[in-house]
Amino acid sequence: MNRTTQLQILIFLVGRGKAGMRVKQIAAYLGVSQPTGTDSINALTCKSFVEKLADPSDARAVAVAATAEGEVAVVAPA
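As the structure is a computational prediction, the values presented were derived from the model and not from experiment. As a convention, each chain's residues are numbered from 1 in the sequence order in which they are written. Reporting in this predicted model follows two pLDDT cut-offs: at least 70 for local features of residues, and 80 or more for side-chain atom pairs to be given and counted; totals over whole chains, interfaces and linings ignore these cut-offs and use all residues. Hydrogens and water are ignored here; the side-chain numbers use all heavy atoms of the structure.

Chemist: Give me the lowdown on the overall build of the chain, citing residues and values where you can.
Modeler: Here a helix means four or more residues in a row that DSSP labels H or I, a strand means two or more in a row labelled E, and each is numbered from the N terminus. Assigned secondary structure in the chain consists of four helices and two strands. Taking 2.2 N^0.38 as the reference for a compact globule, 78 residues should give roughly 12 Å; the C-alpha atoms of the chain span a radius of gyration of 11 Å, in line with that estimate. With the C-alpha coordinates aligned to their principal axes, the bounding extent of the chain is approximately 35 × 25 × 20 Å. Burial classification: accessible surface area is computed with a 1.4 Å probe over protein chains only, and a residue below 20% of its type maximum counts as buried, one above 50% as exposed, and the rest as partly exposed. Considering the chain as a whole, with its 78 residues, one finds that 33% of them fall into the buried category. Using C-alpha atoms as the atom set, the radius of gyration is obtained and then compared with a globule rule of 2.2 Å times the number of residues to the power 0.38.

Here it is as structure tokens:
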């Protein structure tokens, strides 16, 4: 698992606030494949740094947003 990609995703999502973004948008922004984005987001979800939310504009889609734990990890990395 690429920790650099995870960190990039986390920093990006913290910068977005609670709005969240779809995996496809995150992957496109970072220039990685959607499967790579999904794997990294799943790893961040297991660490409780991000959460998956229902996308209000599309019932089939999910948005990903940073959690409070994720925000702390970006502000004060271990």
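Still to come is the rest of the account.
Chemist: Just give me the short version of the nonpolar core, but keep the residues and values in it.
Modeler: Ile9, Leu10, Phe12, Leu13, Met21, Val23, Ile26, Ile41, Leu44, Val50, Val64 and Ala66 together form the largest nonpolar core, which totals 12 residues. Put simply, the parts of the chain that give this core at least two residues each are α1 (3-16), α2 (23-30), α3 (34-46) and β2 (62-66). For this core, the element with the most residues is α1, which contributes four residues. Beyond its immediate chain neighbours, meaning those up to four positions away, Leu44 contacts Gln6, Ile9, Leu10, Phe49 and Val50. Note on terminology: a nonpolar core comprises buried Ala, Val, Leu, Ile, Met, Phe, Trp, Tyr and Cys residues joined through side-chain atoms within 4.5 Å. Note on contacts: a residue pair qualifies if any of its non-hydrogen atoms lie within 4.5 Å across the two residues.

Chemist: I'd love a proper account of the pattern of salt bridges, names of residues and values included.
Modeler: Counted as salt bridges are all cases of a side-chain nitrogen of Lys or Arg within 4 Å of a carboxyl oxygen of Asp or Glu. Overall, the coordinates contain three salt bridges when judged by the stated rule. Residue Glu71 is joined to Lys18 by a salt bridge in which the shortest nitrogen-to-oxygen separation is 3.8 Å. With Glu71 in helix α4 (residues 68-75) and Lys18 in the loop between α1 and α2, this pair connects stretches of sequence that are 53 residues apart. A residue is classified by how much of its surface remains accessible, and Glu71, at 30% relative accessible area, is partly exposed. Asp58 is the partner of Arg22 in a salt bridge, and the nearest nitrogen-oxygen pair spans 3.9 Å. Highlighted residues: Arg22 in the loop between α1 and α2 and Asp58 in the loop between β1 (50-54) and β2, separated in sequence by 36 residues. On the accessibility criterion, Arg22 (29% relative accessible area) is partly exposed. A cluster of three or more residues bridged by salt bridges with shared partners is formed by Arg22, Asp58 and Arg60.

The analysis is restricted to geometry; functional conclusions fall outside its scope.
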